[in-house]
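Chain residues, written in single-letter form:
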Amino acid sequence: MQALRKFKIAILQTKASKVKEQTLSYVQEALEEAGKNGAKVSILGETFNCLYMKEYLQAASENFSDSSDKTPTLSLLKEYAKKYNMFIIGSIPEKTSDDKLYNTGIAIDSQGQLAATHRKIHLFDINIPGRAVYKESDTFSSGNQITVLDTGFCKIGLGICYDIRFAEQALVMCQKQGAQVLVYPGSFAMGTGPIHWELLLRARALDNMAYVVGSCCARFTEDPSVYQAWGHSTLVDPFGKVVTTTDHDPAILYGEIDLDYLDQVRQQIPIYSQKRYDLYEVVQKIGNQ
Ligand SMILES: NC(=O)CCC(=O)C(=O)O
């Protein structure tokens, strides 16, 4: 069988409502459109099934071992992955049987199976008074695994939002585990997004000469007391160029992943073979090595 070297991705910048069913109807509409438009991989935002605030995160959480009537988000994604023969990636709040909550990236394969999970490793605990104050560890426990999904046609490294600030995680995903595409579902903050979001996406792309997808949630503008996401979902190519981007409103972006182009860029600027491992090294300590 001929390897798939070029494929279409869709970045679904969907909006959350205060009501989970409504939020999922926005997600369903977006998946329908992306599927009809031939996306091979559709990527949603961080905790795309609710607003990014403790009470909503708790209420929208799903236990992945529950039956399908109690996991409406997972069921929806599985249905649409199968219907349109596409991979679907995003993060949702995961509740475990011992009552812990994780911010968990999920990847559903084109057969509708849960192919990989990534529990956010670095929790968004920052304190810039008057600008960005958030303590994600009040809600979630942190994960302990670095995750790279092998789709059969490319390797996708999974991170979540704040994870993008940690270059070592991306280096391990690409340079130890062979990821060609890095995917970061996000809900970036207004106080940092304008200066850091695109810069970080492009930085990780250049560190690794990889495609980088930042799929942010759309902004919830109706109520200023609710966490406001920066939006601006973006695809960056392995040369560090922004392929497509948007503002903060709901949107679906399409882009092409071209693995021949990625190989070409990695040959032309051969950082992978020029590493001075006699002077430094990035070591993965735990996870699928
Ligand atoms: N949800 C997040 O992890 C937000 C990360 C963020 O805004 C940042 O500045 O980093």
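Parameters and conventions
Residues numbered from 1 in each chain as written. Predicted model: local features only at pLDDT ≥ 70, side-chain atom pairs only at ≥ 80, totals over all residues. Helix = DSSP H or I, 4+ residues; strand = E, 2+ residues; numbered from the N terminus. Rg over C-alpha atoms; globule rule 2.2 N^0.38 Å. Buried ≥ 20, exposed ≤ 12 C-beta atoms within 10 Å, placed from the backbone. Contact = placed C-beta atoms within 7 Å. Near = placed C-beta within 6 Å. Nonpolar A, V, L, I, M, F, W, Y, C, P; charged D, E, K, R; others polar. Pairing = 2+ DSSP bridges. Axes fitted to C-alpha atoms, helices over the stretch in contact; angles between N-to-C directions. pLDDT = per-residue confidence, 0-100. Right-handed = clockwise from strand over helix to strand, strands pointing away. UniProt positions renumbered as here; feature names shortened; annotations may be inferred. Core = buried A, V, L, I, M, F, W, Y, C linked by C-beta atoms within 7 Å.

### As for the overall build of the protein
- Within the protein one finds seven helices and 14 strands.
- Radius of gyration (C-alpha) of the protein: 18 Å, near the 19 Å computed for a compact globule of 289 residues.
- Taken along the three principal axes of its C-alpha coordinates, the protein extends 50 × 50 × 40 Å.
- For the protein, buried positions account for 45% of its 289 residues.
- Contacts spanning at least 24 positions in sequence make up 67% of the contacts within the protein whose residues lie at least 6 apart.

### Focus: the site of the ligand
- Looking at the ligand, the residues that line it are Glu46, Phe124, Cys161, Tyr162, Arg165, Ser187, Phe188, Ala189, Thr192 and His196.
- Class assignment of the residues belonging to the shell around the ligand gives a composition of five nonpolar, three polar and two charged.

### Let's talk about unusual backbone geometry
- Positive phi values are uncommon outside glycine, yet asparagine 85 reaches one of about 55°.
- Checked against the element boundaries, asparagine 85 lands in the loop between α3 (72-84) and β3 (87-95).
- The exposure class assigned to asparagine 85 is partly exposed, which follows from the 14 C-beta atoms found within 10 Å.
- Located in the positive-phi region is methionine 209, a residue other than glycine, with phi close to 50°.
- Considering the arrangement of structural elements, one finds methionine 209 in the loop between α5 (193-208) and β11 (211-216).

### Notes on the environment of serine 187
- Mapped onto the secondary structure, serine 187 falls in the loop between β10 (181-186) and α5.
- The class of serine 187 is buried, set by 28 C-beta atoms lying within 10 Å.
- Through-space distance from the C-alpha of serine 187 to that of glycine 231 is 7.0 Å; in sequence the pair is 44 residues apart.
- Those residues within four positions of serine 187 in sequence are excluded, and the remaining contacts are Gly45, Glu46, Thr47, Tyr52, Cys161, Cys216, Cys217 and Ala229.

### Here's the deal with the sheet that holds strand β2 (residues 41-43)
- Judged by pairing direction, the sheet is mixed, and its six strands sit side by side in the order β5-β4-β3-β2-β1-β14 without closing on themselves. Each having just a single partner strand, β5 (114-119) and β14 (251-258) make up the two edges of the open sheet. Shown here is a sheet whose adjacent strand axes are inclined to one another by a mean of 25°, direction ignored.
- Here eight bridges tie strand β1 (residues 6-13) to β14, and the two strands are oriented antiparallel to one another. Note that in β14 the partner of phenylalanine 7 across the bridge is isoleucine 257.

### Observations regarding the confidence of the model for the protein
- In this model, the protein carries an average pLDDT of 96, and 98% of its residues clear a pLDDT of 70 or more.
- Across the interfaces of the predicted complex, the ipTM metric reaches 0.99, alongside a pTM of 0.97.

### A few points about the pairing of β1
- As defined by bridge partners, β1 adjoins β2 across three bridges and the pair is classed as parallel. Following the sheet pairing, alanine 10 is matched in β2 by serine 42.
- At this point the chain moves from β1, through helix α1 (residues 20-36), to the parallel β2, and the crossover so formed is right-handed.

### Topic: the UniProt feature "domain: CN hydrolase" (unreviewed entry) in the protein
- UniProt's entry tags residues 7-259 with the feature "domain: CN hydrolase" (unreviewed entry), counted in the numbering of this structure.
- Structurally, residues 7-259 comprises 25% helix and 30% strand, and the distance from its first C-alpha atom to its last is 9 Å.

### As for the nonpolar core
- In this structure, Val181 and Val213 are the most contacted members of the largest nonpolar core, which totals 81 residues.
- Ignoring anything within four residues of it in the chain, the contact list for valine 213 reads Ile9, Ile11, Ile43, Val181, Val183, Tyr184 and Leu235.

### Thoughts on the pairing of strand β7 (residues 132-135)
- Note that strand β6 (residues 125-128) and β7 share four bridges and pair antiparallel. If you follow isoleucine 126 over to β7, its bridge partner there is tyrosine 134.
- Hairpin connection from β6 to β7: three residues lie between these consecutive antiparallel strands, with glycine 130 at a positive phi of about 80°.

### Thoughts on the sheet that holds β10
- Across the sheet, which stays open at both edges, the six strands sit in the order β8-β9-β10-β11-β12-β13 with mixed pairing between neighbours. Bordering the open sheet on either side are β8 (147-150) and β13 (242-245), each of which pairs with just one other strand. Ignoring which end each strand starts from, the neighbouring axes of this sheet average 20° apart.
- Here strand β9 (residues 155-158) runs beside β10; their pairing, made up of three bridges, is parallel.

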